[in-house]
Amino acid sequence: MSTMQVFFSFEALNSIFLSKKAQNTTVGFVPTMGALHQGHLSLIDIALSENNLVVVSIFVNPTQFNNASDFDLYPRTVESDLKILKHYSENVFVLVPETKDIYPNGTISRQYDFGGIENEMEGKFRPGHFDGVGTVLHSFFKMIQPTVAYFGEKDFQQLQIVKKLVKIENLPVKIVGCPIVRESNGLAMSSRNKRLTKRQYDEASFIYKILKTVKSDFGTKNAQNIAQWVENEFKNNNYLKLEYFEISNEETLKPMIEKELNQKYRAFISVFAGDVRLIDNIALN
Ligand code: AMP
């Protein structure tokens, strides 16, 4: 049986991809930074169920890291990633570009105005992060020209940023959000989980437990009281340090002051386990 094909540059990809694409087919795109897990594979499976051709990229994008040691320590496991992807058929194209392919003029970000959503939460704690995300995705979208691109709700703010990016740049690609895939203990899957000790991994199940309680309290308690409760819960936890917790409007990503009719809200959280940063979120209504 033929298997997925791997390319190490846009040029190599295009030599085969362009003629395939011309056969009147839709192209699904799943960008990743590798160290693949079931969360990534779920995106690929959804993309495959909706498109004849799927491009999966693996690229640890330097410009979206605001912290040098986070970038240095980010798991890079291309060989085993390619093994994991082996079971896909020849309509999956895996692209593993080099930095100079994406950044021919040096690894610098473009500057974007995403209308304010870039200044909330991740934007506050990771300055420049979304400029880096926008820059790398813009470049991928232009080179691959996918019909649809798939993103996990695990990075919900990123999903909203990408929707904004394609609007601003007028790119003909549909952006689809996909559900968060979790470990059996409830922890949201993440490449960074590979850096947790066994103890930290076990303790990190606390994050989803908290989010589920927040969801069940959302109907009866106000946002300020819930946030206070969450902060206290983490004060008593020796393994996890809360960076932020916010209940925000799904569209504007601004903190909820009072519940408004016909608005959707989500709880967002960022936690450190040692020096490993973990984020998660949950829909509240
Ligand atoms: P990353 O490799 O972390 O940049 O993630 C690549 C894509 O996979 C992004 O769209 C993420 O939101 C998505 N993703 C990462 N973890 C999960 C997860 N646990 N469930 C669903 N999607 C995820």
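From a predicted model like this one, the values you see are computed outputs, not experimental measurements.

Cut-offs and rules
Residues numbered from 1 in each chain as written. Predicted model: local features only at pLDDT ≥ 70, side-chain atom pairs only at ≥ 80, totals over all residues. Heavy atoms only, no water. Helix = DSSP H or I, 4+ residues; strand = E, 2+ residues; numbered from the N terminus. Expected span 1.5 Å × (residues − 1). Buried < 20%, exposed > 50% of the residue type's maximum accessible area, 1.4 Å probe, protein only. Contact = heavy atoms within 4.5 Å. Core = buried A, V, L, I, M, F, W, Y, C linked by side-chain atoms within 4.5 Å. Pairing = 2+ DSSP bridges. Axes fitted to C-alpha atoms, helices over the stretch in contact; angles between N-to-C directions. Near = heavy atom within 4 Å. Polar contact = N/O pair within 3.5 Å; in protein donor to acceptor, adjacent residues only side chain to side chain. Nonpolar A, V, L, I, M, F, W, Y, C, P; charged D, E, K, R; others polar. Phe/Tyr/Trp six-rings, centres within 6.5 Å; stacked < 30°, edge-to-face > 60°.

Draft legend 1. The arrangement of helix 10 (residues 205-217) in detail. Here helix 10 spans 19 Å end to end across 13 residues, near enough to the 18 Å set by a 1.5 Å rise per residue. All of the buried residues along helix 10 are Ser205, Phe206, Ile207, Ile210, Leu211, Val214 and Asp217. Its buried side turned inward, helix 10 meets helix 9 (198-203), helix 11 (223-235), strand 7 (240-249), strand 8 (265-273) and strand 9 (276-283).

Draft legend 2. Up close: the nonpolar core. In this structure, Phe140, Phe141, Ile144 and Ile175 are the most contacted members of the largest nonpolar core, which totals 38 residues. Of all the secondary structure elements, the ones that give two or more residues to this core are helix 1 (10-21), strand 2 (27-32), strand 3 (53-58), strand 4 (92-95), helix 7 (129-144), strand 5 (148-152) and helix 8 (156-168). The element best represented in this core is helix 7, accounting for 7 residues. Core analysis: the second largest hydrophobic core is formed by 27 residues, Phe206, Val214, Phe234 and Ile269 among them.

Draft legend 3. Focus on the sheet that holds strand 4. Taken together, the 6 strands give an open sheet; going across it, the order is 1-4-3-2-5-6, and neighbouring strands pair in parallel fashion. Bordering the open sheet on either side are strand 1 (5-7) and strand 6 (174-178), each of which pairs with just one other strand. The sheet shows a mean angle of 25° between the axes of neighbouring strands, taken without regard to direction. Where strand 2 meets strand 3, 6 bridges bridge the pair, whose relative direction is parallel. Residue pairing across strands places Gly28 opposite Val54, the latter belonging to strand 3. Helix 2 (residues 38-50) rests against strand 2, strand 3, strand 4, strand 5 and strand 6 of the sheet, and its axis sits at about 155° to strand 5.

Draft legend 4. Geometry of the site of the ligand. The full set close to the ligand counts 17 residues, and Met33, His40, Asp155, Val181 and Met189 are the nearest of them. Interatomic distance of 2.9 Å between a backbone N/O atom of Met33 and an oxygen atom of the ligand. Between the ligand and Gly152, the relevant distance is 2.9 Å, taken from an oxygen atom to a main-chain nitrogen or oxygen of the residue. At the level of elements, strand 2, helix 2 and strand 5 are the ones that each hand at least two residues to the shell around the ligand. If one sorts the elements of the shell around the ligand by residue count, helix 2 sits on top with 3 residues. Considered class by class, the residues forming the shell around the ligand number 9 nonpolar, 6 polar and 2 charged.

Draft legend 5. The arrangement of the side chain of Asp280 in detail. Summarising the element assignment, Asp280 is placed in strand 9. For Asp280, a relative accessible area of 4% puts it in the buried group. Only 2.9 Å separates the side chain of Asp280 from the side chain of Arg182, close enough to count as a polar contact. Excluding anything up to four places from it in sequence, Asp280 contacts Ile180, Arg182, Ala188, Ile207, Tyr208, Leu211, Ala267, Phe268 and Ile269.

Draft legend 6. Focus on the packing of aromatic side chains. Tallied over the entire structure, the rule returns 13 aromatic pairs. Ring centres of Phe7 and Phe93 lie 5.5 Å apart, and the angle between their planes is 15°; this geometry places the pair in the stacked category. Pair noted here: Phe7 is in strand 1 and Phe93 is in strand 4, with a separation of 86 residues, a long-range link. With a relative accessible area of 6%, Phe7 lands in the buried category. You can call Phe93 buried: its relative accessible area is 0%. With centroids separated by 5.1 Å and ring planes inclined at 20°, the aromatic side chains of Tyr112 and Phe114 adopt a geometry described as stacked. Accessibility classification places Tyr112 together with Phe114 in one group, the buried group. One aromatic cluster in this structure is built from Phe10, Phe29, Phe59, Phe140 and Phe141.

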